[in-house]
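# Commentary on secondary and tertiary structure
Spelled out from the first residue to the last, the chains are:
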Amino acid sequence: MLDLQERLSGRLGSKGWLSQADAVPYQRDWLDRFGVAPLGVARPADTQEVADVVKACRAAGVRIVPQGGNTGLCGGAVAHGQDTVILSLSRMTHIEPPEAESGSIRVGAGVVLSALHEVVERHGLIFPLHLGAEGSARIGGLIGTNAGGSQAFRYGLMQDLVLGLEVVLPDGEIWNGLRSVLKDNAGYQLRKLFAGSEGTLGVITRAVLRLFPAPRARVTALLALPSHEAAMAFGALVRREAAEFTSALEFFSDFGVSLALKHVAGLTFPLESRDAAYVLVELTAGSALVPLDDILASLLEQGMAQGLVSDGALAMSEAQRAHFWRLREEQPEGQRLEGQQVKNDICVPPGKIAAFIAAGGQICQEILPGARVNPFGHLADGNIHYNISPPEGGEMAADSIPALVQALASLATGMDGSFAAEHGLGRSKVALADNSRHSTERALMLALKQALDPAGIMNPGVVVASTWQRRTFQMPGIS
Ligand SMILES: Cc1cc2nc3c(=O)[nH]c(=O)nc-3n(C[C@H](O)[C@H](O)[C@H](O)COP(=O)(O)OP(=O)(O)OC[C@H]3O[C@@H](n4cnc5c(N)ncnc54)[C@H](O)[C@@H]3O)c2cc1C
């Protein structure tokens, strides 16, 4: 191991190789649940250096964990065993000028999402992926997890926003697939294979991303509603009436608002009255001639007339819009600061969100009486972050958690949905996936992993385990 460390230190220099003692900031995941001290952190400056690190680690039989912004929520970006090098892309932050006519841009995997937003917005363009961690999450990590976010229903997930990729494969070879076209059916869709591979099939080093013209009109409203059923009905109304102009439709609950207001400094509640649920709706158009104000006003009128909306406000300035968004985006942080929690990243067909929340609530009370559920997320694509805090002042018994998570996953899959909507599997959901997906699907994934990484050095234990251990969770009745 000393040989490897000397070799990497010699190849990468003092900026590019951090010994174990300097690796502390890279060691634990965002939720502080996973991560042991790695051998060290490699911070290559370019693709060739990445390839050299991969070859050196492979020769030494040392595992590699690619790391972007380390905001992943499933423990996939940190070391599990000490014979591991964390490969941080944080120095590969080059952004080439956007190609406005083609609607594309070539970037390094270490570019932080908000930095990309700033650059393209100066050119009258947008990169339409937005999420609460955009000030830290990096392009390689966003592709690695196939991130979704608040506009996924309109512009797609990260896999839909990637035109081309460059990847260092587990044997150190470089695959240059940096094409800049949407239509490229020359064989298997390799760029999509790496989206969502969570560092298990190779290291993404550069990407060509899709850009869109910046909207010329935008309106935003925050609404209070008496129930999640009302929120879903109002969401359906928006999708029907505002159709292609709908660009965000986020929902959250009053419990989540209480936690955010309690724990997040400087956050205030912007409406006159509280209610059980909230919806943040945003409409955008490429032409300033589209009367978005009128469309939104009509939606609010209809919502109030039908008893779906109890209070609401339109953002009259950019600061007010940011305030509304902050209330939504601080939902995870408020609950994290409240203490122990179980996070579930569920997706169901949008028409079944209210049914999931009702049935999920029953499951929680059966398994963990007094559980406080905080459902929030992306109403238009059915993605519910169904996060659970223990009863006030109480703790969740560790042995009740697998049963709870498995029952909620079964409820989602029983509704033709998913138990891993946009955060991936990482390390924390591999056993859940083994229990929840069909053996044929699992065998396909394992075959891919073994074909690309026969030595098993790329992020082992993430996404798919080499041995299948069916866990015997105690399953509660979930009729
Ligand atoms: C407050 C908050 C809000 C969030 N909201 C959302 C949301 O709305 N939607 C959503 O989808 N996610 C969300 N997330 C989760 C997280 O931000 C995303 O998963 C994001 O894509 C992770 O990017 P990262 O750069 O931090 O990746 P990391 O956490 O560093 O890595 C994530 C995974 O990708 C792999 N990886 C990293 N870089 C590379 C690379 N260059 N090549 C290959 N594999 C790589 C890692 O090994 C790991 O398995 C949120 C997280 C937080 C903390």
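An account of the accompanying structure is given in this report. None of the values given here were measured: they were computed from a predicted structure. (Residues numbered from 1 in each chain as written. Predicted model: local features only at pLDDT ≥ 70, side-chain atom pairs only at ≥ 80, totals over all residues. Heavy atoms only, no water.)

The next thing to look at is the overall build of the protein chain. Per the secondary structure count, the protein chain includes 17 helices and 17 strands. For the protein chain, whose C-alpha radius of gyration is 23 Å, the value lies close to the compact-globule estimate of 23 Å for 479 residues. Overall size of the protein chain, expressed as C-alpha extent along the three principal axes, is 70 × 55 × 45 Å. Here the protein chain holds 479 residues, and 54% of them are scored as buried. Look at the contacts in the protein chain between residues 6 or more apart in sequence, and 74% of them connect residues 24 or more apart. Accessible surface computed for the protein chain: about 19900 Å², of which carbon and sulfur atoms make up 52%. (Helix = DSSP H or I, 4+ residues; strand = E, 2+ residues; numbered from the N terminus. Rg over C-alpha atoms; globule rule 2.2 N^0.38 Å. Buried < 20%, exposed > 50% of the residue type's maximum accessible area, 1.4 Å probe, protein only. Contact = heavy atoms within 4.5 Å. Areas by Shrake-Rupley, 256 points an atom, 1.4 Å probe, with all protein chains shown as cover.)

For the rest of this paragraph, the subject is the packing of aromatic side chains. Counted under the stated rule, the structure contains five aromatic pairs. Geometrically, the ring pair formed by Phe252 and Tyr278 is stacked, given 5.6 Å between the ring centres and 25 degrees between the ring planes. Highlighted residues: Phe252 in strand E12 (residues 246–253) and Tyr278 in strand E13 (residues 277–285), separated in sequence by 26 residues. The residues Phe252 and Tyr278 share a single accessibility class, namely buried. By the ring-pair criterion, three or more aromatic residues cluster together here, those being Phe252, Phe269 and Tyr278. Just above the ring of Trp30 sits the side chain of Arg336; from NZ or CZ to the centre is 4.7 Å. (Phe/Tyr/Trp six-rings, centres within 6.5 Å; stacked < 30°, edge-to-face > 60°. Lys NZ or Arg CZ within 6 Å of the ring centre and 35° of its normal.)

Ordered in space as E1-E2-E4-E3, the four strands form an open sheet in which the pairing is mixed. Across the chains shown, the open sheet's two edge strands, defined by having one partner strand only, are strand E1 (17–19) and strand E3 (63–67). Between one strand axis and the next, the sheet turns through 25 degrees on average, direction left out of account. The pairing of E1 with strand E2 (residues 40–42) spans three bridges and is classified as antiparallel. Bridge pairing in E2 links Leu18 to Val41. Strand contacts of helix H1 (residues 2–16): E1, E2 and strand E4 (84–88), with the helix running at about 115 degrees to E1, the strand carrying the most contacts. Seen against the sheet, helix H3 (residues 47–60) touches E2, E3 and E4 and runs at an angle of roughly 170 degrees to E4. (Pairing = 2+ DSSP bridges. Axes fitted to C-alpha atoms, helices over the stretch in contact; angles between N-to-C directions.)

With that settled, the discussion passes to the pattern of salt bridges. The final tally for this structure, using the stated rule, is 20 salt bridges. With a closest N to O distance of 2.8 Å, Arg179 and Asp184 form a salt bridge. The exposure class assigned to Arg179 is partly exposed, which follows from its relative accessible area of 40%. Close ionic contact of Asp453 with Lys449 constitutes a salt bridge, the shortest N to O distance being 2.8 Å. (Salt bridge = Lys/Arg side-chain N within 4 Å of Asp/Glu carboxyl O.)

A separate point is the pairing of strand E7 (residues 162–168). Among the seven residues that make up E7, seven are buried, leaving the element largely enclosed by the rest of the structure. One ladder, built from six bridges, connects E7 with strand E9 (residues 203–210); its direction is antiparallel. Paired with Val162 across the strands is Leu209, a residue of E9. Sheet topology note: the E7/strand E8 (residues 174–177) ladder contains four bridges and is antiparallel. Residue pairing across strands places Leu165 opposite Gly177, the latter belonging to E8. Here E7 hands over to E8 after five residues, with Gly172 in that stretch at a positive phi of 90 degrees.

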